[in-house]
Amino acid sequence: MSEDSEKEDYSDRTISDDDESDEDTLIKFLDEDIHHCALLTADALGDPFFPRTTQILLEYQLGRWVPRLRKPRDLYGVSSSGPLSPTRWPYHCEVIDEKVKHIDWTPLFPEPVYVPTGLEIEPAYSNTSEDTVVYLAEDAYKEPCFVYSRVGGNRTPLKQPADNCDNTLMFEARFESGNLQKVVKVAEYEYQLTVRPDLFTNKHTQWYYFQVTNTRADTAYRFTIVNFTKPASLYNRGMRPLFYSEKEAQLHRVGWRRIGEQIKYYKSQQGRDGRQLFSLTWTFQFPHSQDTCYFAHCYPYTYSNLQDYLSAIHSDPVRSKFCKIRVLCPTLARNMVYVLTITTPWKNADGRRRKAVILTARVHPGETNSSWMMKGFLDYLLGDSRDAQLLRDTFVFKVVPMLNPDGVIVGNYRCSLSGRDLNRNYTSVLKESFPSVWYTRNMIHRLMEKREVILYCDLHGHSRKENIFMYGCDGSYRSKTKSLYLQQRIFPLMLSKNCPDKFSFPACKFNVQKSKEGTGRVVMWKMGIRNSFTMEATFCGSTLGNKRGTHFNTRDLESIGYHFCDSLLDYCDPDRSKYYQCLKELEEMEKHMSLEKTVDDSDTSVIEIAVDLESSSRGSDSSESNDCQTYLVQLTSQVTNKKKHLKTKKERNAAIASHQNATKEVCGEDNEKQILGETSSDMTARTTKKAPNCLLKTYLRINPAACPNLQSPQKSWRELRNPPFVTQRTIATNASEWFQSVSHRSLESLSPLKDPKKNKKHPSCWATKTKDVESFKSKSETTPATPETDSETINSNSLGTEESKQHSSQKVTPHAPKQKREKRQQSIGELNLRLKFYKNK
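Since we're looking at a predicted model, the values are computed, not measured.

Undergrad: Any details on the overall build of the protein chain? Residues and values, ideally.
TA: Check the secondary structure of the protein chain and you find 28 helices and 25 strands. Within the protein chain, the proportion of its 841 residues that are buried is 51%. Intrachain contacts of the protein chain at a sequence separation of at least 6 include 76% that bridge at least 24 residues. Carbon and sulfur atoms provide 50% of the accessible area of the protein chain, an area that totals close to 41600 Å².

Undergrad: Residues and numbers for the pairing of strand β1 (residues 56–61), please.
TA: Inspection of the sheet shows β1 paired to strand β2 (residues 64–69) by six bridges, in the antiparallel sense. The partner of Ile-56 across the bridge, within β2, is Leu-69. Count of turn residues in the β1/β2 antiparallel hairpin: two residues, of which Leu-62 carries a positive phi of about 55°.

Undergrad: An account of the pattern of salt bridges is requested, with residue identities and associated values reported.
TA: What the rule picks out here adds up to 15 salt bridges. Here Arg-414 makes a salt bridge to Asp-421, at a shortest N to O gap of 3.0 Å. With relative accessibility at 18%, the residue Arg-414 sits in the buried group. The salt bridge partner of Asp-501 is Lys-502, with a shortest N-O separation of 3.6 Å. Pair check on accessibility: Asp-501 and Lys-502 agree, each one buried.

Undergrad: Explain the packing of helix α9 (residues 435–450) against helix α12 (residues 520–527) to me, and be specific about the residues and the numbers.
TA: For the pair α9 and α12, interaxial distance at closest approach is 11 Å and the crossing angle is 25°. The pairing of α9 with α12 is recorded here as roughly parallel in orientation. Crossing of α9 over α12 shows right-handed handedness. Note on element contacts: α12 touches α9 through Val-523, Met-524 and Met-527, opposite Arg-441, Ile-444, His-445 and Met-448. Considering only residue class, the contact of α9 with α12 consists of five nonpolar, one polar and one charged.

Undergrad: Just give me the short version of unusual backbone geometry, but keep the residues and values in it.
TA: Phi at Phe-200 is positive, roughly 65°, even though this residue is not glycine. Looking at where Phe-200 falls in the secondary structure, it is placed in the loop between β8 (190–194) and β9 (209–213). The backbone of His-204 sits at a positive phi, close to 65°, despite the residue not being glycine. Looking at the element boundaries, His-204 is found in the loop between β8 and β9.

Undergrad: Residues and numbers for the sheet that holds strand β12 (residues 257–258), please.
TA: Spatially, five strands are ordered β6-β9-β15-β11-β12 in an open sheet, and the strand pairing comes out antiparallel. Looking at which strands have only one partner, the edges of the open sheet turn out to be β6 (170–172) and β12. Across two bridges, strand β11 (residues 242–245) lies against β12 in antiparallel orientation. Each residue of the ladder has a partner; that of Leu-242, found in β12, is Arg-258.

Undergrad: For the sheet that holds strand β16 (residues 323–330), give the residues involved together with the corresponding values.
TA: The eight strands lie next to each other as β16-β17-β19-β18-β20-β23-β21-β22, forming an open sheet whose pairing is mixed. The open sheet has two edge strands, β16 and β22 (509–510), and neither has a second partner. Sheet topology places β16 next to strand β17 (residues 336–342); seven bridges connect them, and they run antiparallel. Residue Cys-329 lies in a different strand from β17, and its bridge partner there is Val-337.

Undergrad: Break down the nonpolar core for me, with residues and values.
TA: Counting residues in hydrophobic clusters, the biggest one holds 127 residues, and the most contacted among them are Phe-171 and Met-535. Counting residues in each nonpolar core, the second largest holds 21 residues, with Val-337, Met-443, Val-523 and Ile-529 among its members.

Undergrad: I'd love a proper account of the packing of aromatic side chains, names of residues and values included.
TA: Two aromatic rings, taken as a pair, are described by how far apart their centres are and by the angle between their planes. The full count for this structure, using the stated rule, is 46 aromatic pairs. Ring centres 6.4 Å apart and planes at 50° place the aromatic pair Tyr-208 and Phe-228 in the tilted group. Taken together, the residues span a long stretch of sequence, with Tyr-208 in the loop between β8 and β9 and Phe-228 in strand β10 (residues 220–228) at a distance of 20 residues. Judged by its relative accessible area of 0%, Tyr-208 is buried. For Phe-228, a relative accessible area of 1% puts it in the buried group. Taken together, a centroid distance of 6.1 Å and an interplanar angle of 5° make the contact between Tyr-265 and Phe-278 stacked.

Undergrad: Pulling in residues and values, what's your account of the packing of helix α7 (residues 386–394) against helix α13 (residues 554–571)?
TA: Between α7 and α13, whose axes approach to 11 Å, the crossing angle comes to 60°. It follows from the interaxial angle that α7 and α13 lie oblique. Handedness of the α7/α13 crossing: left-handed. Along its contact with α7, which presents Asp-387, Leu-390 and Leu-391, the element α13 presents Cys-565, Leu-568 and Leu-569. Classifying every residue of the contact of α7 with α13 gives five nonpolar, no polar and one charged.

Undergrad: Go over α9 with me, naming the residues and quoting the values.
TA: Taking 1.5 Å per residue as the helical rise, α9 with its 16 residues ought to reach 22 Å, and the 23 Å between its terminal C-alpha atoms agrees with that figure. Here α9 has its buried residues at Pro-435, Ser-436, Val-437, Trp-438, Thr-440, Arg-441, Met-443, Ile-444 and Leu-447.

Undergrad: Could you give me a rundown of α7, with the residues and numbers involved?
TA: Taken together, the buried positions of α7 are occupied by Ala-388, Leu-391 and Arg-392. Take α7 and look down its axis: the buried residues cluster within an arc of 95°, on one side only. Contact partners of the buried residues in α7: α5 (319–322), β17, α6 (369–381), β19 (395–400) and α13.

Reading the values: the criteria
- Residues numbered from 1 in each chain as written.
- Predicted model: local features only at pLDDT ≥ 70, side-chain atom pairs only at ≥ 80, totals over all residues.
- Heavy atoms only, no water.
- Helix = DSSP H or I, 4+ residues; strand = E, 2+ residues; numbered from the N terminus.
- Buried < 20%, exposed > 50% of the residue type's maximum accessible area, 1.4 Å probe, protein only.
- Contact = heavy atoms within 4.5 Å.
- Areas by Shrake-Rupley, 256 points an atom, 1.4 Å probe, with all protein chains shown as cover.
- Pairing = 2+ DSSP bridges.
- Salt bridge = Lys/Arg side-chain N within 4 Å of Asp/Glu carboxyl O.
- Axes fitted to C-alpha atoms, helices over the stretch in contact; angles between N-to-C directions.
- Parallel < 35°, antiparallel > 145°, perpendicular 65-115°, else oblique.
- Left-handed = near helix turned anticlockwise from the far one by under 90°.
- Nonpolar A, V, L, I, M, F, W, Y, C, P; charged D, E, K, R; others polar.
- Core = buried A, V, L, I, M, F, W, Y, C linked by side-chain atoms within 4.5 Å.
- Phe/Tyr/Trp six-rings, centres within 6.5 Å; stacked < 30°, edge-to-face > 60°.
- Expected span 1.5 Å × (residues − 1).
- Arc of directions from axis to C-beta.

The following block contains the structure:
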């Protein structure tokens, strides 16, 4: 570290009065008797020159100066004698002197979501160059990247907003976490707003938080934000904007509340870069005139709010005993990333065997609901309840309440001042660019060397889904045992049971996508933390239980922290009854899901799997093949074991294309081989050995007795969608009913030659009918019945000797007359003629 950076480190830290007096004493002593001091230190330290340092103090005792080491500072910027380090901004950011503060308040009744009436309008603003620009923030584009930071930001005089009319609203967003770039007055009471993208990027326009003054009561104003980039939004599901009135807070102690009518989220014009933009519009009447009001996307929670909260903990003589606040690292702008260590101080070696729990939050600065969940967690864990005491006695908690303070300060939605998403860079080695996630990963790595980490959870907010849910990591059957695969789902299931009206277990997902490999959840899981989660809280509300159709308020979000602690106690309870109960429920869920996946997967039919099994390299048992019921029962189990996972859309399209190609080959190439001299029996054996195609389906309709172990091709896997479970009865059908349903079908319905007039145009084809039928009979009578290969096995089962044919026919249809058998043989001969017709045509 350079000397300049060391000086900046000390300038950020608060120095106590005792420290200043010690330094003054040292300077005075050096001025008065520097030679004597050098001799003393030379004798004491063995060095001829007195070192220039602030860590050695000299005390005057018994007529002499005695050097001693300075006591350790209040570590890393957390001082007991004053506030925490001041907030630092990029140097070009304009910041107002006024400090924005809001009261904590919870609505007495749940706030319902907005129900569309169908009368909402979609304002379209084509050209606003002639309209009045009320507010414009140009300071964000002065630099292409982060350069350096200052306390208080830009020190030049601030540009005041325009004030051209008494009825014009005044806007402001140059305060902590504020976000608003431009406001255009398009009508007397209508304003077009543009939110600022994340600093040093051109995207991520979701978070807004701004101030409005010069209001007029009982007047309907319309506000439209025109540069959102997400096509889907919770505003389409009834989410309302948040509103705060300072007069309401002073007069009635009312804080943030949901407001707005005629709310509409819709597709608008394209941006300058060609991307599609989306707009949010709403109308509202201010409750007071000449009021100072605020609008926000979610309940704000600033970096200053966190510092005030940590200062209160540090100054509390009780909580400060078991909650130690340190600075994990400085950010790019030299704001401090704090880490809290919460545990009961141990007096013996038993404390070193405590397991660790890690929680982080606010890696995305616009997801303020994660900070409210973190606050609820800390309030409960630092409380005086018996459960909180038990948690502190059992675990060591490492908590990073705000991973991205720079983004929080400047009002970003997703990125840090590096212009990158920190939650995609946990694998990065660029410590200077992503210090908070680099030091967090390093801290967890060192912690895992000392003790076991049983759970890691990163708190987030979600902009498109309701409720609260978790993302876990995949412990699939291919790489893990079944018990471990299900154990990763036990904690989310417990949390859903403890919080049924807010937390949704069906919304949880447990997979690892390639685009998420740089997230904290996946990186910690790969480091060895089995229970590694991302907990997502909606910006809107719940669809469950008593909370259905209402917004979440700050108390609801804080309650998740309590339920998290309660679920942690259930998960680690020595009485494992709840644990095994959840494990049993997960096993039942997994069975149902496996059956549903098997039923829903319609890419492979039963006949396709049967043909594939018959054409495999293993030998077939003739008795097994002739027994239709037994064969299909075994086939059912093989289908269930084979199809465990759904295919992707790309794989399904490829399967369909391959089936179509197989059909074309059978109707084209196979017909050519037949005309060139292939016998009917060879053609039948080869067709049965191939994958299912139009020839096999036609042949089975005519002669089902030839393949008694195969189901009718009309009974496809797609027909099994409706039954909830796959059973023997739904797959296996009675052989006699199956035969009777297809034996009387006419060949005319299977051939394109349905018009008798067209048959006269092909006398050459029909002239060889008798000859082909006789050759087919003679071939089938002389075919040996001893199978040596798979094709010969199928051939012997389908077109064997007269004796085997009669045996198969009697097994399927015990009372089939001889006339019907001759009719089937005649139909097969007609099939050969149809093949020749296809080729000639």
